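Geometric and topological summary
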Amino acid sequence: MKTNEIRKLFLDYFKNLDHRIVPSSPVIPYDDPTLLFTNAGMNQFKDVLLGVEKRDYKRAASSQKCIRAGGKHNDLENVGFTARHLTFFEMLGNWSFGDYYKREAIHWAWQFLVDIVKLPKEKLWVSIYKDDDESYNIWHKEIGIAANKIIRLGDIEKGDEENFWSMGPTGPCGPCTEIHYDTGAECKFNNKECCPGCDCDRFLEIWNNVFMEFNRDEHGVLHKLKMKSVDTGMGLERLAAILQNKPTNFDIDIFQPIIKHIQDITGTEYTFNPAPFRVIADHIRCLTFAIADGALPSNEGRGYVLRRILRRGLRFGKKLNIDKPFMYILVDDVCATLGDEYPEIIKRKDHIQKVIKSEEERFLQTLDRGLEIFNKLVDDLKAKNKKIMDGKDAFVLYDTYGFPLDLTELMCREIGLKVDIETFNEEMRKQQETSRSHSKFSANYDVDDLKFNLLENEISEFVGYENESIDTRIIAYRENNNKIEIILKNSPFYAESGGQVGDTGIIKGANYELSVLDTQKINNSNVCICKITKGELEDIRKNNKVSASINSARRANIKKNHTATHLLHSALRKIIGTHIEQAGSYVTDSGFRFDFSHFEKLSDKQISEIEKLINSKIQENLTVNIFHTNINEAKKLGAMALFGEKYGEIVRVVKISDYSLELCGGTHLDATGEIGLLKIISESAIAAGVRRIECVTGLTALDYCNDFAQKFYKAAEILETDVNTVLTKLEKLKNELHRLEKENRELKQRAAAGMTDDYFSKIEAIGAIKFLYLKFNDFDNDQIKIIIDEYKKRENNGIAVIVNISAKKSIAFIGVGKNLIDKYKAGELVKQITNITGGGGGGAPAFSQAGIKNIDKLDEAIKSLKEYLTN
């Protein structure tokens, strides 16, 4: 029975039992920031199970795409080494939301396994939670399972959560009953009473029926849910392995095309060493679906998990002697086996392959050197008879060569070593603290112990969408860092949030005036950061009635730029691809920046098309409509939401005609024509898999274009040509410059060659090595390289060290003759010098250079180098 047939049988079975067949949600849970990946079928029903969301059905079934490679449910380390663990799998499931409960769930599960897919009854065992007598009676008295085949497990009061299922540290949970298949294998622990719960792999858990009764809060306390529900899960691949009579998940029909392709690429048989094949086959499935659903490899969060998975796959490819990008090719096989059921992977196949190939190329550049460093560290440990790798060394492998910690741990484990995780984590913490300190660019008004002085016990309300000035009252204030922080009863000032800067303006009282420099959100109140320009603090205490006005001209420009970000976001998705997701933004009155997920630089042609599309929408003067609706209705309409943003039940939706639809709390124009003009001024990478576009709009864009044009005209004037021939003239000058540079190099080479006999007379013998040491003051570095090249040509057994002393920067150059390269590497020799003089550098085995910090120690360093060569 093929895997696709099993999936269809399951869904048809529950459809006939009046279940709504619900499509799989993405593996990236955009509406649940508590999860890295969708790890169970119930994720998309979490709010329904909690009773906070109602749907028009009480029974559901689905086949859910799942990834378990991080967080509470993490199978990554086991993949490839067991018969059943996968990072990506499909979970078949059926749900009841306050409808049926234990009896129906258990009977239907048994009927499907025994009557529909024909599993032999005698092979099936069940487990239940320790005191779930209701489930026991259904299994024993109604189904007819023998008492010795019903195993009681778990005790949450003792920390044992076996047969008590929860989605994560918090959320819906409850006791469960599991159906297990007896493979008949011998218990590897020689346990004569082996049964479900034993770790020997004889018994395979097929189907888990969870009875949701509780909600676990952040303190671990269980609260009764408003309604009892059923949440079941059955691994499709595991069931297929049983029905296809295969020993592992990797032997079933949807894995074999991938494994056979790996055999073709490597020329190695799967049976020779199955583990690398299994790891690669699993990991390419995981990467394909994650990237198709919008994730990208990066250095943070789920992106880092994907990067770890990809690099783990590459390292296992190395075990099969693959030294070039290859995983991206296997995406074709994933699409061939699962594309009919999940057409999104076919639709985005080109994008998926480009992302994976780019990541492979990047890591392979450092993999060999990283393995070389790793092997040297291992040799040092063995020489010192040590079994634990220093966490600092593991961190260098991570930070410099891109080796995820779990990859280093895996390689160590293979040769009987461990890694000092505590020291590694300490090094990581230091780096993160440094990174955070460098990234701070504004004061954090929320982190302090200062309390506000209450003038009125009122709740502040933002009224700035409708009003730019208003008569209101100051209800609270405080002094902080020579500023006065004010909370208004009704405030027209927008507080910085959602990437939009806070408003500025003026607050006027009877005898005082405040200049509003910024507005920040503190404890859900819009707090104006002010400077007193007239009057005293005492005047505020005496009379809190004020008129408050924002800087309307500044707000108008902010609105132009914020509406323009929505136009840009939509243009990127239309022109580059729907994988584009907003990764951040910063909207000011002078312009905006927009960060988005993408794996490569945008071409000039793409930037031009994006700019043209946006400006065409500005010219069309599209209407901007803003309305409020519930979150589920907004999702049905297709509104884009930002991952990580926490939305309430009622959301604000910004709709730009039929062109753009986003959840947004910022300030916007009434129509796109008010933007006037948009100009993209830069596009760059800010992190792996994240690009940034910077734009200006309106008169600022016009000023930018005019300034650019003036500079172009000035360039034409300097080049003594007209603007239409500037580029032609520049090309001619560039070619002439290259000709003169080449001519200059040749002259230097002839000059240096003419002096080499004098220089080479200073050669001294160190054993079989012909050692040349020269010292120059403010010499031409290019000529030094020519001298070293000439020396290496003449002396195959030669080592040349030339130091150029300069007030700006002193540099040591080292060249190694071809007969000595196997024994001496120029980079290692230059370190013999910089270890004493300070400084650093690097290069190839035959040539290296390094800056020298302390020239006074040069003689000592050269003496040390000679001793090193002598010994």
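Below is a short write-up of the structure.

The rules we used
- Residues numbered from 1 in each chain as written.
- Predicted model: local features only at pLDDT ≥ 70, side-chain atom pairs only at ≥ 80, totals over all residues.
- Heavy atoms only, no water.
- Pairing = 2+ DSSP bridges.
- Helix = DSSP H or I, 4+ residues; strand = E, 2+ residues; numbered from the N terminus.
- Axes fitted to C-alpha atoms, helices over the stretch in contact; angles between N-to-C directions.
- Contact = heavy atoms within 4.5 Å.
- Core = buried A, V, L, I, M, F, W, Y, C linked by side-chain atoms within 4.5 Å.
- Buried < 20%, exposed > 50% of the residue type's maximum accessible area, 1.4 Å probe, protein only.
- Salt bridge = Lys/Arg side-chain N within 4 Å of Asp/Glu carboxyl O.
- Left-handed = near helix turned anticlockwise from the far one by under 90°.
- Nonpolar A, V, L, I, M, F, W, Y, C, P; charged D, E, K, R; others polar.

1. Examining the sheet that holds strand β32 (residues 841-843)
The strand order across the open sheet built from six strands is β28-β29-β30-β31-β33-β32, with neighbouring strands paired in mixed fashion. Only two strands of the sheet have a single partner each, and these edge strands are β28 (764-766) and β32. Shown here is a sheet whose adjacent strand axes are inclined to one another by a mean of 20°, direction ignored. Note that strand β31 (residues 810-816) and strand β33 (residues 847-852) share six bridges and pair antiparallel. In the sheet register, F813 faces β33, and the bridge partner there is Q849. Of the strands in this sheet, β28, β29 (769-777), β30 (798-805) and β33 touch helix α23 (residues 858-870), which is tilted by about 170° from β29.

2. Things to note about the nonpolar core
Nonpolar side chains in soluble globular proteins tend to be buried together. Judged by nonpolar contacts, the single largest core of 137 residues is most densely connected at L113, W139, I206 and W207. It is helix α11 (residues 349-383) that provides the largest number of residues to this core, a total of 12 residues. Beyond its immediate sequence surroundings of up to four residues, W207 is in contact with F10, F14, N94, A109, F112, L113, T177, E178, I179, T232, G233 and M234.

3. Quick look at the environment of G70
In this structure, G70 sits in the loop between β2 (59-67) and β3 (88-97). Along the primary structure G70 and E237 are separated by 167 residues, whereas in three dimensions their C-alpha atoms are 20 Å apart.

4. A short note on the pattern of salt bridges
For side chains bearing opposite charge, pairing can occur when the charged atoms are close. The final tally for this structure, using the stated rule, is 47 salt bridges. A salt bridge links K775 to D859, with the shortest nitrogen-to-oxygen separation between them at 4.0 Å. Pair noted here: K775 is in strand β29 and D859 is in helix α23, with a separation of 84 residues, a long-range link. Looking at D859, the relative accessible area reads 52%, which means it is exposed.

5. So, the packing of helix α9 (residues 331-338) against α11
In the contact formed by α9 and α11, the axes pass within 10 Å of each other and the chain directions differ by 145°. Considering only the axes of α9 and α11, their crossing is right-handed. For the pair formed by α9 and α11, the contact residues are V331, D332 and C335 on the first element and K349, I352, Q353 and I356 on the second. In terms of residue class, the contact of α9 with α11 is made up of four nonpolar, one polar and two charged.

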